[in-house]
Amino acid sequence: QVQVEESGGDSVQAGGSLRLSCTTTTYNFGNKCVGWFRQAPGNEREMVGWIYTRDGTTRYSDFVQGRFTISEDNAKRTVYLQMNNLKPEDTAMYYCAAGGNARFYCSRNFEYKTWGQGTQVTVPS
């Protein structure tokens, strides 16, 4: 009943931009932690960032370096990951996940229990 689906992955040139979308079917989408994660071959999964849909609060991992922005459209129950100035190091499978209903849980990985299938982002070197 609860679903998360990512879309928008593609192959783009270094320095280019890409927007990923995450559509969710959840009760209380307006009070939800939605996280973006990624995993590259040989690396462990890492959090890219998250958004708390109630007030739009966002946090990002240090490697983002100001290049990415997470936003939301509550009417569409969709969260976006806008990625600019992409680098080959950004190549990974990107996942969206739904977490807890309070901001307190957004930074806690174990609270993300509903995951999408992933969408591939490739930045050739």
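A short tour of the structure in this document, coming up. Note that residues are indexed from 1 along each chain, following the sequence as it is written. Only residues with pLDDT of 70 or above have their local features reported here, since the model is predicted, and side-chain atom pairs are shown and tallied only from 80 upward, although totals for entire chains, interfaces and linings are computed over all residues. Each side-chain value is derived from all of the structure's non-hydrogen atoms; neither hydrogens nor water enter the calculation.

Remark: exposure states derive from per-residue accessible area (1.4 Å probe, protein chains only) relative to the maximum for the residue type, with buried under 20%, exposed over 50%, and partly exposed in between. Going along the chain from the N terminus, every DSSP run of H or I of four or more residues is numbered as a helix, and every run of E of two or more is numbered as a strand. Taking burial as the measure, the seven residues of strand 3 (residues 33–39) include six buried ones, the bulk of the element. Bridge count between strand 3 and strand 4 (residues 46–52): six bridges; the pairing is antiparallel. The residue of strand 4 that forms the bridge with C33 is Y52. Between strand 3 and strand 4, which pair antiparallel in sequence order, lie six residues; one of them, G42, sits at a positive phi of approximately 85°. Two strands pair if DSSP finds at least two bridges between them.

Let's shift gears to the side chain of T119. With respect to the helices, strands and loops of the structure, T119 is situated in strand 10 (residues 119–121). By relative accessible area, which is 11% here, T119 ends up buried. One polar contact links the side chain of T119 to the main-chain amide nitrogen of G9, over a distance of 2.9 Å. Any two residues whose heavy atoms approach within 4.5 Å at even a single point are treated as in contact. Residues contacting T119, with those up to four places away along its chain left out, are E6, S7, G8, G9, L20, A92, M93 and Y94. Polar contacts, as counted here, are pairs of nitrogen or oxygen atoms within 3.5 Å of one another; within protein the pair requires one atom able to donate a hydrogen and one able to accept it, and residues that are adjacent in sequence qualify only if both atoms are side-chain atoms.

With respect to the secondary-structure elements, T57 resides in strand 5 (residues 57–60). Looking at T57, its side chain comes within polar contact range of the side chain of D55, at 2.8 Å. Residues within four places of T57 in sequence aside, it is in contact with W50, I51, Y52 and R103.

Stacked, edge-to-face and tilted are the three classes for Phe, Tyr and Trp ring pairs, Trp counted by its six-membered ring, which pair at centre distances within 6.5 Å; planes under 30 degrees apart are stacked, over 60 edge-to-face, the rest tilted. Counted according to the given criterion, the structure contains four aromatic pairs. Between F37 and W115, the aromatic rings sit 4.7 Å apart at their centres with planes inclined by 50°, giving tilted as the arrangement. Pair noted here: F37 is in strand 3 and W115 is in strand 9 (residues 114–115), with a separation of 78 residues, a long-range link. Judged by its relative accessible area of 27%, W115 falls in the partly exposed class. Relative to W115, the ring of Y95 lies with its centre 6.4 Å away and its plane at 75°, an arrangement referred to as edge-to-face. Within this pair, whereas Y95 is found in strand 8 (residues 92–98), its partner W115 is found in strand 9, the two being separated by 20 residues in sequence. For a Lys NZ or an Arg CZ to count as sitting over a ring, it must be within 6 Å of the ring centre and within 35 degrees of the ring normal. In this arrangement the basic side chain of R108 is found over the ring face of F104, its NZ or CZ atom lying 3.6 Å from the centre.

It is worth spelling out the state of the cysteines at this point. When two cysteine sulfur atoms lie within 2.5 Å, the pair is treated as a disulfide. For the structure shown, the criterion picks out two disulfides. Here C22 engages in a disulfide with C96; their sulfurs sit 1.9 Å apart. Taking the sign of the S-S torsion, -75° for the link of C22 and C96, the bridge is left-handed. Here C96 lies in strand 8 and C22 lies in strand 2 (residues 18–25), a separation of 74 residues in the sequence. Between C33 and C106 runs a disulfide, and the two sulfur atoms are separated by 2.0 Å. On the sign convention where negative means left-handed, the S-S torsion of about -85° between C33 and C106 marks this disulfide as left-handed. Here C106 lies in the loop between strand 8 and strand 9 and C33 lies in strand 3, a separation of 73 residues in the sequence. In terms of burial, C33 and C106 fall into one category: buried. Described in terms of the sequence order of its bonded cysteines, the disulfide pattern of the chain is 1-3, 2-4.

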